[in-house]
Amino acid sequence: MNYLRLSKEVSYALRHNPKQYNLTLDSLGYVQIEELLFALNKSTHYPKEITLEDLNKVIEISDKKRLEITEDKIRALYGHSFITKIEKVSALPPEILYHGTSHSTIDKILKEGLKPMNRQYVHLSVDQETAIQVGKRRDEAPVILSIDTKSAIQSGIKFYLGNDKVWLSDPIPIQYIRVLNS
Ligand code: HQG
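Residues numbered from 1 in each chain as written. Predicted model: local features only at pLDDT ≥ 70, side-chain atom pairs only at ≥ 80, totals over all residues. Heavy atoms only, no water.

Student: Explain the sheet that holds strand β1 (residues 31–32) to me, and be specific about the residues and the numbers.
Tutor: Within the open sheet, the three strands sit side by side as β1-β3-β2. Their pairing is antiparallel. At either end of the open sheet lies a strand with only one pairing partner, and these are β1 and β2 (67–70). Strand direction decides the pairing type here: β1 and strand β3 (residues 73–76), joined by two bridges, are antiparallel. Across the sheet, Val31 pairs through a bridge with Ile74, a residue of β3. Strand contacts of helix α3 (residues 52–61): β2 and β3, with the helix running at about 135 degrees to β2, the strand carrying the most contacts. (Pairing = 2+ DSSP bridges. Helix = DSSP H or I, 4+ residues; strand = E, 2+ residues; numbered from the N terminus. Contact = heavy atoms within 4.5 Å. Axes fitted to C-alpha atoms, helices over the stretch in contact; angles between N-to-C directions.)

Laid out in structure tokens, this is it:
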């Protein structure tokens, strides 16, 4: 079984295009595992039928905690891009969060702040190491920003838990952003 491919397809279905798979997510982003398996098994590109064990394996071997199974449901924990926003309960983040980005976008970010761009929320990292990994997807020596969440919260900006390494947030204005390197 190609678990990387399965992981990418499940993330695509649950984050970006549930409609293509005939899936309707609930307000928290969950879908019945049975429905997801049915949708995945309609396509022919897997050598055998996908089962719950395969989904568990994807979660077990993944480098990041992208998916969550609760009883008979599954959801993506972050990354969503479709229009109807997944409901997240705001929570209290660490006082400083980080964001890794590319040199090519830093000028724009320092003018307009951090925006969700194609996703529903801004994505932030709990530590610099994670931010570097995120930023490396776009720049081999990424720019690392720190976010003063304490001040941001005082001005009404909300933060939401993604997983143990990722926090989500509303747009972050420039006054709460500091460039740690450049
Ligand atoms: C940038 C991956 C111009 C932002 C990762 C980023 C993460 C701006 C890009 C998760 C901007 C958006 C999310 C502005 C922000 N002007 N550019 N005002 N504000 N940007 O992929 O945070 O492997 O949507 O800096 O590890 O890079 O998929 O967000 O470069 O956790 O599970 O716009 O996705 O996880 O890019 O990554 P993204 P991200 P997975």
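Student: Describe empty space enclosed by the protein, with residues and values.
Tutor: Going through the model one piece at a time under the given rule, you end up with one cavity of 30 Å³ or more. Ser7, Val58, Ile59, Ser62, Lys64, Lys65, Arg66 and Leu67 together form the lining of the largest cavity. In the lining of the largest cavity, the residues fall into three nonpolar, two polar and three charged. (1 Å grid on protein atoms, 1.4 Å probe; cavity = no way out; pocket = protein on both sides within 12 Å on 5 of 7 lines; lining within 4 Å. Points joined across faces, edges and corners; volume = space filled by probe spheres on them. Nonpolar A, V, L, I, M, F, W, Y, C, P; charged D, E, K, R; others polar.)

Student: Please provide a residue-by-residue account of the site of the ligand, values included.
Tutor: Neighbouring the ligand are 20 residues, the closest being Lys64, Arg66, His99, Thr101 and Arg119. One of the side-chain N or O atoms of Arg119 is found 2.6 Å from an oxygen atom in the ligand. Contacts to the ligand include Arg137, whose side-chain N or O atom sits 2.9 Å from an oxygen atom. When the free accessible area of the ligand is taken as 780 Å², the share hidden by the protein chains comes to 90%. (Near = heavy atom within 4 Å. Polar contact = N/O pair within 3.5 Å; in protein donor to acceptor, adjacent residues only side chain to side chain. Areas by Shrake-Rupley, 256 points an atom, 1.4 Å probe, with all protein chains shown as cover.)

Student: Which residues make up helix α1 (residues 3–16), and what are the values?
Tutor: Its 14 residues place the ends of α1 19 Å apart at the C-alpha level, agreeing with the 20 Å of an ideal helix rising 1.5 Å per residue. Those residues of α1 that sit buried are Leu6, Ser7, Glu9, Val10, Ser11, Ala13, Leu14 and Arg15. At the N-terminal boundary of α1, the capping side chain belongs to Asn2, with an oxygen 3.3 Å from the backbone nitrogen of Leu4. (Expected span 1.5 Å × (residues − 1). Buried < 20%, exposed > 50% of the residue type's maximum accessible area, 1.4 Å probe, protein only.)

Student: Give me the domain arrangement of the protein: which residues, what numbers.
Tutor: Here the protein is partitioned into domain 1 (3–76) and domain 2 (96–179). Taking the mean C-alpha position of each, domain 1 and domain 2 sit 27 Å from one another. (Domains from an automatic or database assignment.)

Student: I'd like to hear about the nonpolar core, residue by residue, with values.
Tutor: Of all hydrophobic cores here, the largest spans 22 residues; its most connected members are Val10, Leu14, Leu23, Leu36, Leu40 and Leu55. Listed by contribution, the elements that provide at least two residues to this core are α1, α2 (33–42), α3 and β3. Looking at this core element by element, the count peaks at five residues for α2. Of all hydrophobic cores here, the second largest spans 16 residues; its members include Ile106, Ile147, Phe159 and Ile177. (Core = buried A, V, L, I, M, F, W, Y, C linked by side-chain atoms within 4.5 Å.)

Student: Pulling in residues and values, what's your account of the pairing of β2?
Tutor: Relative to β3, β2 runs antiparallel, the two being bridged by four bridges. Note on β3: the bridge partner recorded for Leu67 is Ala76. In sequence, β2 turns back onto β3 through a hairpin of two residues, with Glu71 there showing a positive phi of about 50 degrees.

Student: Tell me what's going on with the packing of aromatic side chains, and back it up with residues and numbers.
Tutor: In total, this model carries two aromatic pairs according to the counting rule given. On the basis of an interplanar angle of 70 degrees and a centroid distance of 6.3 Å, the ring pair of Tyr12 and Tyr21 is categorised as edge-to-face. Their ring planes at 55 degrees and their centres at 5.0 Å tell us that Tyr121 and Tyr160 sit as a pair that is tilted. Taken as a pair, Tyr121 in the loop between α4 (103–112) and β5 (122–125) and Tyr160 in strand β7 (residues 159–161) lie far apart in primary sequence, 39 residues in all. Here Tyr121 matches Tyr160 in class, with each residue buried. Here the guanidinium or amino end of Arg15 rests over the ring plane of Tyr78, the centre of that ring lying 4.8 Å away. Positioned above the aromatic ring of Tyr30 is the side chain of Lys73, whose terminal nitrogen or guanidinium carbon lies 4.9 Å from the ring centre. (Phe/Tyr/Trp six-rings, centres within 6.5 Å; stacked < 30°, edge-to-face > 60°. Lys NZ or Arg CZ within 6 Å of the ring centre and 35° of its normal.)

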